[in-house]
Amino acid sequence: MNQVPDSRSNGQAEILSAQDLRKTYGNRVALKGLTFSLKAGRVLGFLGPNGAGKTTSIRILTTILRPSSGHFVVDGVSSEHPVAIRRRIGVLPEGLGFPKQMTGTGYLTYFAQLYGRPAAEARQIASRLLEDVGLQNRADSAIGSYSHGMRQRLGIARALVNDPAVVFLDEPTLGLDPRGQRELLSLVQGIARGRNKGVVLCSHLLSEIEGICDDVVIMNAGEVVAKGSVAEVTGQSHANLDHLVRIRVPATSIAMTRELLEGLPGVEHAVLTDERAGWLGVKLAGSLDGSGPDGHHVRNTLLDALIRADVPILGFDIGGGRLQDVFLQLTAESIQ
Amino acid sequence: MWWLIFKQEFVEMWAGGRVLNYLALYGVLMSITAYLLATNNQLNLLPLKQTVVVAVTSTITFGLFIGLVMGAESISGERERATLEPLLLTPSGHRQIVVGKFLAAMSPWPAAMIVSVPYVATLSQGDRVLWLALFWGAVMGTLSAIAFVGFGMLVSIWSDSSRTSLFVCLLVYAGLLIPAQLPTEFLNSRSGVLVSAIDPVQSSSRLLTKVLAEGRSLGEVWIYLVAPAVVTALIMGLLFAYSAPRLRLAATEE
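Bear in mind the structure is a predicted one, so any value in this text is a computation, not a measurement. (Residues numbered from 1 in each chain as written. Chains lettered and ligands numbered in written order. Predicted model: local features only at pLDDT ≥ 70, side-chain atom pairs only at ≥ 80, totals over all residues.)

On to the interface of chain B and chain A, then. Listed by partner, the interface residues are 19 residues for chain B and 21 residues for chain A. Within the residue set of the side of chain B that touches chain A, elements represented by two or more residues are α1 (2-15) and α5 (84-88) of chain B. The biggest single contributor to the side of chain B that touches chain A is α1 of chain B, with four residues. Its residues assigned to classes, the side of chain B that touches chain A comprises nine nonpolar, five polar and five charged. (Contact = placed C-beta atoms within 7 Å. Helix = DSSP H or I, 4+ residues; strand = E, 2+ residues; numbered from the N terminus. Nonpolar A, V, L, I, M, F, W, Y, C, P; charged D, E, K, R; others polar.)

Next up, the structure:
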């Protein structure tokens, strides 16, 4: 059985660390020096547009790919020992396939045995995990009859079959409806907090990720453009954001609202940032950054003007507080 | 680990119906072949022992096809179904994965041999050649099955799609059958003997003919064992020593 290293003795132990990981394919650099760390009991979000290097990073950290240079450590085990690392990690790859004829119980039992558990113990583990992910009523049904959400939950169960120290989830909510996404993310949070595991989560769902991630690494074109706790990342980029106040109005009121706002003192300009949802970004003039007493005054003036003009205010947000803003700001060059 | 993988693959192949479908087709082909051979024999167009040789050769030819297809789909099929990555993520060594799948892909061959027994027995009409035919058929067929399944897996490891691996395998298979279509005069010539010696399929066929139809001893025909043995050893080396440790999620990845 695996030795539990001393560094796992408390919930704040560093469970995963990467140092300057790089990956090149001929002349193409897919990953340009990934360095980060993750503590047990926390969820790390890997964010980035398509082609940013997220999946390449995950595949290197899960030993599917070899890095061109750099190294990483999982639960005290160096990347030079990939088999030992695979014993300590659980992975839900993106777009995972399942054998349609196998049952959920059979599938998890098989993988538990591949991780060295005797058959009887493997069946118990399978039964327990199916209950943990809410599939106990479909345990003996063929996987071919599962819905997409059920398969994702089965995939998470398989990722937990060896009681890993770190769990990697690559786009786990892809293809799920909003309810399914919420349930699955709740499950992910439970894995980290309830089981004191490190979770690395790759996703495009920024608003949901913001709710469950403790730490974040934002990647763009193979490089890390921001990393740290969610609060640190959104706070650091606060001063760089163009739109420090966001206001949401009905589509029919957008034009009028924009004209009204740009006529107000203290407002430099107002631009439409999300036409579908009706969000307007408002940049304040001069040294005003929307915070502090002057900022308060300008914001109150904005709101007052809108109320007096009888504009329905559907949302109001102080810019710089959302991960989505940071993400769009930092990855803007690759989004055309 | 390889045992677990073999068991799982075996169940999937047999319970899923894939192998049974191929064996059913195999049974139909053997039935047609046996009927034609029996008719020829009754018309004194073909001597009894030669009839038995053709039946055994057909058993091997058709049986190898099943193994080749199973091998060709073994890894590239998993890639297409996105079920290979979870296997690669387990602590199982890559060689163990290949061993387990190889043994599972070999499993149709013994079944094909068993299916062929009544056909060969009927065609031998009680002649002692039956036991010799079953023995040498099993020996040469197993040697060839190992080579063909191994070759199929070798191509599969280095192919990203089953379509590619099947195409390559079937092309090679067809190529190895071509010498059998060449005129007898050529096959008996010096060039023809050389081709027979290096082509493992043709080599097996010549050995069976000489042992079963002409009554030659092993000492006289050992040369025809060389090609199948060498090719099998080469393929096994390439498969387990070279390719298996290099098994990757994508065939073209580093």
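And the narrative resumes.
Okay, the environment of Ser161 of chain B next. Residue and element names in this part refer to chain B. Here Ser161 lies in the loop between α8 (129-157) and α9 (162-177). For Ser161, a count of 14 C-beta atoms within 10 Å puts it in the partly exposed group. The residues touching Ser161, leaving out its near neighbours within four places in the chain, are Ser76 and Glu80. (Buried ≥ 20, exposed ≤ 12 C-beta atoms within 10 Å, placed from the backbone.)

Our focus in this paragraph is the sheet that holds strand β2 (residues 28-39) of chain A. All names here are of chain A. The antiparallel open sheet is built from four strands, whose spatial order is β2-β1-β4-β5. One side of each edge strand has no neighbouring strand; the edge strands of this open sheet are β2 and β5 (77-78). Here five bridges tie strand β1 (residues 14-25) to strand β4 (residues 69-74), and the two strands are oriented antiparallel to one another. In the sheet register, Leu16 faces β4, and the bridge partner there is Val74. (Pairing = 2+ DSSP bridges.)

With that out of the way, let us pick up the packing of helix α3 (residues 48-74) of chain B against α9 of chain B. Residue and element names in this part refer to chain B. In the contact formed by α3 and α9, the axes pass within 8 Å of each other and the chain directions differ by 150 degrees. The angle between α3 and α9 places the two elements in the roughly antiparallel class. Considering the relative orientation of α3 and α9, their crossing is right-handed. Every residue of α9 that contacts α3 at Phe65, Leu68, Val69, Ala72 and Glu73 is listed here: Ser162, Ser165, Leu166, Cys169 and Tyr173. For the contact of α3 with α9, the residue count by class is seven nonpolar, two polar and one charged. (Axes fitted to C-alpha atoms, helices over the stretch in contact; angles between N-to-C directions. Parallel < 35°, antiparallel > 145°, perpendicular 65-115°, else oblique. Left-handed = near helix turned anticlockwise from the far one by under 90°.)

A separate point is the packing of helix α12 (residues 200-213) of chain B against helix α14 (residues 223-243) of chain B. Two measures define how a pair of helices packs: the angle their axes make with one another and the distance between the axes. All names here are of chain B. At their nearest, the axes of α12 and α14 sit 8 Å apart, and the two run at 145 degrees to each other. As α12 runs across α14, the sense of the crossing is left-handed. Where α12 approaches α14, its residues Pro200, Ser203, Ser204, Arg206 and Leu207 are matched on the opposing element by Tyr224, Leu225, Ala227, Pro228 and Val231.

On to the pairing of β2 of chain A. Residues and elements named next belong to chain A. Here β1 pairs with β2 via nine bridges, running antiparallel. Bridge pairing in β2 links Glu14 to Lys39. With antiparallel pairing between neighbouring strands as the criterion, β1 and β2 make up a hairpin whose turn holds two residues, including Gly26 at a positive phi of roughly 65 degrees.

Keep in mind these numbers describe shape, not what the thing actually does.
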